[in-house]
Amino acid sequence: MPIKFDRPAVTDSAPDPSESLAALRDRAPILAKFEKPPLGVVLGSGLGGLADAIESPTIVPYAEIPGLAASTASGHRGEFLIGHLASRPVIAMAGRLHVYEGHSLRDVTRPVALMAGLGINELVVSCAAGGLNPNFNVGDLVLLNEHSSWLDGKLGAPPTSFQRTNDSANESAAAAGCFRRSLSTCDPQLDAIAHQTAHTNGFELRRGMYLAVNGPNYETRAECRMMRRLGADLVGMSTVPELLCAASAGVRTLGISVVTNLALPDAPATADHADVLEVCERAAERLQQIVRAIATHGA
Ligand code: HPA
């Protein structure tokens, strides 16, 4: 027997999304020349180095697009970079928006919804995370095969006109006014490309469950212990809303974390944002190999 509920209204004072899309197209005329759908990439804390690999990028700050908020977090540029990587059109978010900056989940995901509106078929989302799994080491890359979100707020679906395919399960659940299980966000083909790349280049790619929390503080020892017992391998402050937003628009998604610090209750270590950025810098090359392979083989 499905559980019925009254859908709460999600208030949204942002301009019509098609206005944001038109502004982005206007500032990046290269978008009209792309010969195939671009690959979408979200570059998290300290992972902006990959941005340098994008050829002849057109740079559009989020703040110049009506409806998008500017990023305020350290290590996050807050710009779209639109160009080519491995001969594939690419649109990358250099820096993201976070709930801890005071943004709503709708605001956090709006740049991703716009990328869906631009026609991306695949999205790779990268982030820094604390390792709760004692088998993880600082610097490991972990593919997010499962996730859970404790982030505050409501995640709206992207506008229907931005959706790549009909999400019929979602629509019929919504029409019937009942709950449905959250989407799976780890695309099997992208997962296989990522693992093949790791194998070919001789590095290990792990898998794990990512738990998203509000932050901005790191977790207490008691919280780390509790999260680990609940099955989380990683803890971070982002990524899940972006993956869900893209997946609900029919975009194939893959999330990858860099373990920047160990969040182990019985071997506590302090981590500050500077440590996080340094570890990411060192992991960026392996991440870049994966993104290049997806750019080449994923379409
Ligand atoms: N906790 C939450 N978010 C993080 C961490 C952490 O330990 N490391 C990097 N992002």
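Keep in mind that this is a model prediction, so the values were computed, not measured.

*Asks:* Before we go on, may I ask you to explain the site of the ligand in this structure?
*Replies:* Within the structure, the ligand sits among A128, A129, G130, Y218, E219, V235, G236, M237, T260 and N261. Note that a nitrogen atom of the ligand is positioned 3.3 Å from one of the backbone N or O atoms of G130. Alone, the ligand offers 260 Å² of accessible surface; in the complex the protein occludes 95% of this. Per element, the largest residue contribution to the shell around the ligand is three residues, and it comes from strand β5 (residues 122–131).

*Asks:* What's the story with the nonpolar core in this structure? I'm lost.
*Replies:* The tendency in soluble globular proteins is for nonpolar side chains to be buried as a group. Counting residues in each nonpolar core, the largest one holds 48 residues, and the members touching the most others are L24, F80, I82, M115 and L123. Of all the secondary structure elements, the ones that give two or more residues to this core are α1 (17–27), β3 (79–85), β4 (88–94), α2 (105–117), β5, β6 (141–149), β7 (205–212) and α6 (240–248). The contact partners of F80, leaving out residues within four places of it in the chain, are L24, T58, I59, V60, Y62, L68, I91, A92, M93, P111 and M115. Grouped together as the second largest cluster of nonpolar side chains are 36 residues, V41, A51, L81 and V124 included.

*Asks:* So what exactly am I meant to see when it comes to the confidence of the model for the protein chain here?
*Replies:* In regions of low pLDDT, the predicted coordinates are not meant to be interpreted in detail. Confidence in the prediction of the protein chain, expressed as mean pLDDT, is 86, and 84% of residues score 70 or more. Below pLDDT 50 for its whole length, residues 5–10 participates in seven contacts with residues either more than four positions away or in separate chains.

*Asks:* I would appreciate a short explanation of the pairing of strand β1 (residues 39–43) in the present structure.
*Replies:* Summarising burial for β1: five of the five residues are buried, a large majority. Side chains of β1 alternate between two faces, with L39, V41 and L43 and G40 and V42 buried alike. Where β1 meets β4, five bridges bridge the pair, whose relative direction is parallel. Across the sheet, residue V41 finds its bridge partner in β4, namely A92.

*Asks:* In this structure, what is going on with unusual backbone geometry? I would like to understand it.
*Replies:* Glycine aside, the phi torsion of most residues is negative, and most peptide linkages are trans. Here the amide bond leading from G215 into P216 is cis, since omega sits at 0 degrees, within 30 degrees of zero. Counting through the fold element by element, P216 comes out in the loop between β7 and α5 (221–229). Positive phi, normally seen in glycine, also occurs at S56, with a value near 40 degrees. On the basis of relative accessibility, which here comes to 65%, the residue S56 falls in the exposed class. With a phi close to 65 degrees, S87 is a non-glycine residue in the positive phi region. Structurally, the position occupied by S87 is in the loop between β3 and β4.

Parameters and conventions
- Residues numbered from 1 in each chain as written.
- Predicted model: local features only at pLDDT ≥ 70, side-chain atom pairs only at ≥ 80, totals over all residues.
- Heavy atoms only, no water.
- Near = heavy atom within 4 Å.
- Polar contact = N/O pair within 3.5 Å; in protein donor to acceptor, adjacent residues only side chain to side chain.
- Areas by Shrake-Rupley, 256 points an atom, 1.4 Å probe, with all protein chains shown as cover.
- Helix = DSSP H or I, 4+ residues; strand = E, 2+ residues; numbered from the N terminus.
- Core = buried A, V, L, I, M, F, W, Y, C linked by side-chain atoms within 4.5 Å.
- Buried < 20%, exposed > 50% of the residue type's maximum accessible area, 1.4 Å probe, protein only.
- Contact = heavy atoms within 4.5 Å.
- pLDDT = per-residue confidence, 0-100.
- Pairing = 2+ DSSP bridges.

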